[in-house]
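Analysis of the macromolecular model
For reference, the chains in residue letters:
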Amino acid sequence: MASSISLLFLSLLTLSLYTTTATTTTTLDVAAAVQTTIDSLNPTSLIQQQADKTLPKNTTSLTFTLHPRSSVHVSHHQDYESLTLARLTRDSARVNSIITKLDFAISGVNKSEMRPEKNAMLKPEGLSTPVTSGISQGSGEYFARVGLGTPPQLYYMVIDTGSDVNWLQCQPCTECYQQTDPIFKPSASTSYTELPCSAQQCAALDITACRSNQCLYQVSYGDGSFTVGKLVTETVTFGRSGSVPKVALGCGNDNEGLFVGAAGLLALGGGSLSLPSQIKATSFSYCLVNRDSKTASTLEFNSATPPNSVTAPLLRNPRIKTYLYVGLTGISVGGRALSIPPSIFAVDDNGRGGAIVDSGTAVTRLQTQAYNSLRDAFTKQARTLKPTTGFSLFDTCFDLSSLRRVAVPTVAFNFAGGKTLPLKPENYLIPVDSRGKFCLAFAPTDSPLSIIGNVQQQGTRVGYDMRKLVVSFTPHSC
């Protein structure tokens, strides 16, 4: 049995969109990027076909369809521009949710850390499960295909590094949104167990209540979405490779807001109720393929860090366990470091500031001072590109409609210890329609918190070693 959990992703297209031309510039394949936007709107049935495939007996991973974060049903969009606008609206709500949760934690509301119950059967090695992203499912988040209950029933679940509580929709529904799979029926599972109010898992919730000695949970998001129900334990099955019993999760009877497609959420954050914490994983990594592609990649638990990785410190904020902070110290454009004080990316004594890596946020957010420095340096070095009007939260856009390939300035993240991660051009100059309008995929924020989003992560394996406190970035490892 392999010593890692592998979750395979499949997204909508396999294209090599760039080649490096120099240390200061790189080449963006405009034609290929535009074609990808057109192809992404075509109906596909790949998700169900791939997710339902039977694994060969000697395999420890599954292949699934993977699409990016929009949480808007693709069939409702006849063009890529409206789809992009919907994605960015959802993304802004996501960022507001993160900032609100952090502000709430810093305000002085603290939860005691729960110690997970000892369970000799919790062995993360060798488990694997289908994972799919969500464009064709009506969402832009990344989905895992997991079995829940006994006997196991398959469900699409959003994977989220910015959450600590696992949850899914359950019958009977007071209010449930549309999902791809049938809604979970507790009475059909012999392993379903409701937790009493005295359970350690109940004490670990941020928002909880007690009714007839049943532990109730509530998870709310900054966009007004929420899920409410009973806290329970269930068996989670990872394809044919194994299962984990007694995983605590919310069984939501009232689930309202911008959710769509998936049955619920698998939490990969740093809190005690997250999936990595409950299965006692010491590390995990993922590689998010292009948001509109059909290529495959993996999410792995307890796997070794690749030898060619760019590493940075994994930092902790004492005020909140959820978010995964990284030792970001600066940004380079055209091979030159920008004049940004490193303190902009540091967590202060009050728990404010710092930079987190988030799988759910699409567009990287930078403090306004850092963003302005990046934008000004990029536009200065991109004088050959034809500027055009802004788009939604993007204020720096270019008309590349007459070009097939173009040289653009390089952009790189700089980390503590002198490490540098060069970004691919499609990680920071992205199409917003199918007519050749491309925008610089960063946005300013008034919050002291910076967020490295999944557009900038795509095509790079991102790993979190909780034991060594290291974040690793491995380019070309999908």
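Above this text sits the structure in question.
In this report, we go over the structure that sits alongside the text. (Residues numbered from 1 in each chain as written. Predicted model: local features only at pLDDT ≥ 70, side-chain atom pairs only at ≥ 80, totals over all residues. Heavy atoms only, no water.)

**Side note on the sheet that holds strand 18 (residues 328–333)**
Strand order in the open sheet formed by four strands is 19-18-25-26, and the pairing between neighbours is antiparallel. A strand with exactly one partner marks an edge of an open sheet, and here the two such strands are strand 19 (336–337) and strand 26 (419–422). Taken together, the two bridges between strand 18 and strand 19 define a ladder with antiparallel strand orientation. In the sheet register, Ser332 faces strand 19, and the bridge partner there is Ala337. (Pairing = 2+ DSSP bridges. Helix = DSSP H or I, 4+ residues; strand = E, 2+ residues; numbered from the N terminus.)

**Points about the environment of Val406**
If you trace the backbone, Val406 turns up in strand 24 (residues 405–409). Residue classification places Val406 among the buried positions, given a relative accessible area of 9%. Considering only alpha carbons, one finds Val406 and Thr25, 381 residues apart in sequence, at a separation of 9.7 Å. Apart from the residues within four sequence positions on either side, Val406 is in contact with Thr26, Thr27, Leu28, Val30, Leu385 and Leu400. (Buried < 20%, exposed > 50% of the residue type's maximum accessible area, 1.4 Å probe, protein only. Contact = heavy atoms within 4.5 Å.)

**Regarding the sheet that holds strand 23 (residues 397–399)**
Across a sheet, strands are paired by hydrogen bonds formed along the backbone, either parallel or antiparallel in direction. On the basis of which strands lie adjacent, the open sheet formed by four strands has the order 22-23-28-27 and antiparallel pairing. Lying at the two open borders of the sheet, with one neighbouring strand each, are strand 22 (387–388) and strand 27 (429–431). The sheet contact formed by strand 22 and strand 23 spans two bridges and is antiparallel. Considered in strand 23, the bridge of Pro387 is made with Phe398.

**Notes on the packing of aromatic side chains**
Under the definition given, this model contains 13 aromatic pairs. Considering the side-chain rings of Tyr286 and Tyr464, the 5.9 Å spacing of their centres and the 40° angle between planes classify their relative orientation as tilted. Of this pair, Tyr286 sits in strand 14 (residues 283–287) while Tyr464 sits in strand 31 (residues 460–465), and the two are 178 residues apart along the sequence. Given the relative accessible area of 1%, Tyr286 is considered buried. The exposure class of Tyr464 is buried, given its relative accessible area of 1%. Pairing Phe415 with Phe473 gives two aromatic rings, centres 5.0 Å apart and planes at 10°, and the pair type is stacked. Taken together, the positions of Phe415 in strand 25 (residues 411–415) and Phe473 in strand 32 (residues 470–475) put the pair 58 residues apart, joining distant regions of the chain. Here the basic side chain of Arg145 rests over the ring of Tyr156, its NZ or CZ set 4.1 Å away from the ring centre. (Phe/Tyr/Trp six-rings, centres within 6.5 Å; stacked < 30°, edge-to-face > 60°. Lys NZ or Arg CZ within 6 Å of the ring centre and 35° of its normal.)

**Quick word on the side chain of Gln457**
Note that Gln457 resides in helix 7 (residues 454–457). For Gln457, the side chain forms a polar contact with the side chain of Tyr286, separated by 2.5 Å. Setting aside chain neighbours within four positions, we find Gln457 in contact with Tyr286, Leu288, Val357, Asp358, Ser359, Ile452, Val462 and Tyr464. (Polar contact = N/O pair within 3.5 Å; in protein donor to acceptor, adjacent residues only side chain to side chain.)

**With respect to the side chain of Ser191**
For Ser191, the location among the structural elements is in the loop between strand 7 (167–169) and strand 8 (193–194). Reaching out from Ser191, the side chain makes a polar contact with the side chain of Ser189 at a distance of 3.2 Å. At 2.6 Å, the side chain of Ser191 and the side chain of Glu234 are in polar contact. Once you skip the residues sitting within four places of it in the chain, Ser191 turns out to touch Gly149, Thr150, Thr233, Glu234 and Thr235.

**Re the state of the cysteines**
Summed over all chains, the structure comprises five disulfides. Disulfide pairing places Cys397 opposite Cys439 at an S-S distance of 2.1 Å. As the torsion about the S-S bond is roughly 100°, the Cys397-Cys439 disulfide counts as right-handed. Note that Cys397 is positioned in strand 23 and Cys439 in strand 28 (residues 437–440), a separation of 42 residues in sequence. (Disulfide = S-S within 2.5 Å.)

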